[in-house]
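An overview of the molecular structure
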Amino acid sequence: MVRHNNQLPDNLPQLQNLIKRDPDSYRDEFLQQYHHFHSVLDIFRLEPDKENKNLCESIMFLAQVAQCYLEELKTFPQTLVDLLKTHSTTLDPEMRNTFCRALILLRNKNLISPLDLLELFFQLLRCPDKALRTFLENHIINDIKNMNAKQKDMKLNSTLQNFMYTMLRDTNPKAAKMSVDIMIELYRKQVWNDAKTVNVIANVGCFSKITKVAVASLKFFLGTDQQDEDDDEEDSDREVDLKGIMMAAKVNKKTKKRKKKVEAAKKLYTQTQKKKKKPVAFNFSAIHLIHNPQGMAENLFKQLQDGNERFEVKLMHLDVISRLIGIHELFLFSFYPYIARFIQPHQRQVTRILQFAAQASHELIPPEIIEPVIKTLVNNFVTERNSSDVMAIGLNAVREICVRCPLAMNEDLLRDLTMYKNYKEKSVMMASKALIMLYREQMPTMLTKKDRGRPTEASVEVKPKRYGEIVAADYIPGTEALLREDAPELEEEEGSAGDESDGDWVDVDSSEDETDAEDEESDEDEDVDDEDEDEWEECSEEEEVEEENDTEQTAKNGEQTLNTAEAMQELALTKIFTDADFARIEQERVKKQLTHHSRKRQLETERSEFVKLDAIEMIYKRRKADKQARVESMQQGREDREKFGYKDNRLNPHCSKTNREKQKNKNFSMIRHKVRGKVKKSFRDKQVALRKHLLHVKKMK
């Protein structure tokens, strides 16, 4: 190998390449560059605010070959760390960026501990250099993620987390904001997804005096997984019409470019299908991991009342507070009068405020606390002086509140709201019917008899819960369907006992007539005189026998129900249910909810964690059709129709046309004089024309 010693000191990339191949042969050249580095460094320390390109080149050279001369460069990483700590704010941005990249190179070669480097980078977040902060943020996230890729290092994570918590309290707003962003991103990447991280963001970030830090922390507890949504959008964009591409490849000319395109489409299609088959990962939202939700809700509400933030930040506070109250079933009674002040149709973002009122409702809140909110909502929204859309939104909001706290509605107000089921506007009518459907399933006794609908097996079993009552099931509802499969003799007994009722369906009309007749008889009984009471008390022997038979039948039914309940309880304790069993249970549940004459889709009345804004803004109305739909509608209307246009009913279509018809094809300037002549003049125009004519005649004389 020929060595050109006179060129190597000036050509650092070439020397770097040669050193990596044969470190021992080029040790002298390396030592020469190392001494040169110390000389340039001494010059730099005299004027640290000026750019020094020679120093940057030397640092990058030494960082690239550091693994070849570990003994000589053992103090080199610490020298760079000290330089950045001492001159971080005065350094030239390019030099500061070069120093950081050199340290990252040393970190990748395990020549500097990750804790020392990350602590330094966290401190550098205070620098007024946005590009550097973004670069450091990405490195910190990726480095911590890579360190926990195979196995989580709990000791290192704990040390880094403690350091991060101190950074959150930093007085520098940029450093604090970047710190909370890093923690949130690490939580979303499932690296620091423990309760400790969540509670630090809750206790420190949400109550930070720096508005940007507080807003980022509140968004963390509000936000959905944005990354999942982006992945879904990316997958939808990358979906391939493989069938169309294959057909085009068969028809078109065979070229190498088209062949590559088909292969790429096949590969992308395979990846998409594999991704679709992946199981969905379900994770608890961060709001479930808060240790002291009651204290956090109270402090956030106090911060909301005392603060003077912009309206959007106030909405974030209300959203987080309402979610805390609803999910953890908290008591914060002063929240409801506060939010009732904003329930006005003209209020900005009023639908979101209605959403917060619904989210903050749950069964453990006393009904008298939420009832004023519902009354305010009804008085301001559900009145005929408002538009139909406003009324529908008000009824939808009432329904969402009552889904979570049905006892907050009183009977008189409910009957007033159900009267809108016959309203002229469909949006209001449908919103009122949705409220009726809710109380049919939860508390049918509060509705009038005609609004309860046809009774079903499920509605017969409904028992309205009192305030604070908890119903604990001894068995899984719907497992009677499995009993009928496993024990046919039990099914025969049930069939023989229920022959008179003709299966599972109940004759509603006859039962209603019987109840009406009983009511009439009871009214008549009250009008009977005291003298005839003895006659009513005397019963014949046949009536006594019938009463005994009814008593025996009731006892048999009760005993059979008890046996069925015991059998279902035993089945739940002894059998492992399969997917087919759960399908049968769900089928039985749906069957109970259907009447004999109606098999329509049932309304979703189960309580969910969060109230969807669409559930409040859902307005049943016919939307305006777009241009394409209007054109299609016109084309359909023209089918099976004669050709439009002027129709002449001549017997001979080739005969000549009239002058009037010919005028329609002439230029307007040719017939303008004829058109004007036929217009009748007014009396004033005739006067002006006559005066002009007389003056003209006078001049001619």
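How each quantity is defined
Residues numbered from 1 in each chain as written. Predicted model: local features only at pLDDT ≥ 70, side-chain atom pairs only at ≥ 80, totals over all residues. Heavy atoms only, no water. Helix = DSSP H or I, 4+ residues; strand = E, 2+ residues; numbered from the N terminus. Buried < 20%, exposed > 50% of the residue type's maximum accessible area, 1.4 Å probe, protein only. Contact = heavy atoms within 4.5 Å. Areas by Shrake-Rupley, 256 points an atom, 1.4 Å probe, with all protein chains shown as cover. pLDDT = per-residue confidence, 0-100. Core = buried A, V, L, I, M, F, W, Y, C linked by side-chain atoms within 4.5 Å. Polar contact = N/O pair within 3.5 Å; in protein donor to acceptor, adjacent residues only side chain to side chain. Patch = residues over 30% accessible without salt bridge, like charges linked within 9 Å, V, L, I, M, F, W, Y side chains within 5 Å. Salt bridge = Lys/Arg side-chain N within 4 Å of Asp/Glu carboxyl O. Lys, Arg positive; Asp, Glu negative; His and termini not counted. Charge placed at Lys NZ, Arg CZ, Asp CG, Glu CD. Phe/Tyr/Trp six-rings, centres within 6.5 Å; stacked < 30°, edge-to-face > 60°. Axes fitted to C-alpha atoms, helices over the stretch in contact; angles between N-to-C directions. Parallel < 35°, antiparallel > 145°, perpendicular 65-115°, else oblique. Left-handed = near helix turned anticlockwise from the far one by under 90°. Nonpolar A, V, L, I, M, F, W, Y, C, P; charged D, E, K, R; others polar. Expected span 1.5 Å × (residues − 1).

The next point concerns the overall build of the chain. Looking only at helices and strands, the chain features 34 helices and zero strands. Going through the 701 residues of the chain one by one, you find that 35% of them count as buried. Put simply, 71% of the contacts in the chain that link residues at least 6 apart link residues at least 24 apart. As presented, the chain carries roughly 46200 Å² of accessible surface, and 50% of it is formed by carbon and sulfur atoms.

Next up on the list: helix α18 (residues 350–359). Most of α18 is tucked away, with nine of its 10 residues classed as buried. Contacts made by the buried residues of α18 are with α16 (311–328), α17 (335–340), α19 (367–381), α20 (388–404) and α30 (613–617).

The next subject is the confidence of the model for the chain. The predicted model of the chain averages 77 in pLDDT, with 77% of residues at 70 or higher. For the chain, the element scoring lowest by mean pLDDT is helix α27 (residues 533–537), at 38; α17 scores highest, at 94. In the model, residues 1–6 has pLDDT below 50 throughout and makes five contacts with residues more than four positions away in sequence or in other chains.

What follows is about the nonpolar core. Formed by 150 residues in total, the largest nonpolar core has its most connected members in Phe 221, Phe 335, Ile 374, Met 409 and Tyr 439. Excluding its chain neighbours within four sequence positions, the residues that come into contact with Tyr 439 are Cys 402, Pro 406, Met 409, Leu 414, Pro 444, Met 446 and Leu 447.

Tracing the sequence through the fold places Thr 197 in helix α10 (residues 195–205). There is a polar contact of 2.6 Å between the side chain of Thr 197 and the side chain of Asp 194. Contact partners of Thr 197, with chain neighbours within four places excluded, come to Gln 161, Tyr 165, Met 183 and Trp 192.

A cluster of basic residues, Lys 680, Lys 681, Lys 686 and Lys 692, forms a positive patch at the surface. Within the secondary structure, Lys 680 is located in the loop between α33 (668–677) and α34 (683–700).

Counting across every chain of the model gives 13 aromatic pairs. Both rings, one in Phe 37 and one in Phe 76, keep their centres 5.6 Å apart while their planes meet at 75 degrees; by these two values the pair is edge-to-face. Placement of Phe 37 in helix α2 (residues 27–46) and of Phe 76 in helix α4 (residues 76–87) is noted, with a sequence separation of 39 residues between them. Here the two residues Phe 37 and Phe 76 agree in accessibility, since each one is buried. Connected via pairs of aromatic rings, a cluster forms that spans Phe 30, Tyr 34, Phe 37, Tyr 69 and Phe 76.

The subject of this paragraph is the packing of helix α5 (residues 93–108) against helix α6 (residues 114–124). Relative orientation of the contacting elements α5 and α6 amounts to 160 degrees, with a least axis distance of 11 Å. Relative to α6, the element α5 is oriented roughly antiparallel. As α5 runs across α6, the sense of the crossing is left-handed. Between α5 and α6, the residues in contact are Cys 100, Leu 103, Ile 104 and Arg 107 and Pro 114, Leu 117, Leu 120, Phe 121 and Leu 124, respectively. In terms of residue class, the contact of α5 with α6 is made up of eight nonpolar, no polar and one charged.

Positive phi values are uncommon outside glycine, yet Gln 190 reaches one of about 60 degrees. Structurally, Gln 190 can be placed in the loop between α9 (173–188) and α10. Of note, Gln 349 is a non-glycine position whose phi angle comes to about 55 degrees, a positive value. Among the secondary structure elements, Gln 349 is positioned in the loop between α17 and α18. Exposure remark for Gln 349: the relative accessible area of 39% places this residue in the partly exposed category.

We now examine the pattern of salt bridges. If you walk through the whole model with that rule in mind, you get 19 salt bridges. Note that Arg 310 and Glu 312 form a salt bridge whose closest N and O atoms lie 3.9 Å from each other. Using a relative accessible area of 48% as the deciding quantity, one classes Arg 310 as partly exposed. Judged by its relative accessible area of 39%, Glu 312 falls in the partly exposed class. Between Arg 323 and Asp 319 there is a salt bridge, with its nearest N and O atoms 3.2 Å apart. Here Arg 323 and its partner Asp 319 are both found in helix α16, four residues apart, which amounts to about one turn of the helix.

Checked against the element boundaries, Gln 294 lands in helix α15 (residues 293–306). Exposure remark for Gln 294: the relative accessible area of 23% places this residue in the partly exposed category. Measuring from C-alpha to C-alpha, the distance between Gln 294 and His 328 comes to 8.2 Å, with 34 residues separating the pair along the chain. Apart from the residues within four sequence positions on either side, Gln 294 is in contact with Leu 330 and Phe 331.

What follows concerns α19. With 15 residues, α19 should reach 21 Å at 1.5 Å per residue; the first-to-last C-alpha distance of 21 Å fits that figure. Of the residues making up α19, those classed as buried are Pro 367, Ile 370, Val 373, Ile 374, Leu 377, Val 378, Asn 380 and Phe 381. Where α19 is buried, its residues meet α17, α18, α20 and α21 (411–418).

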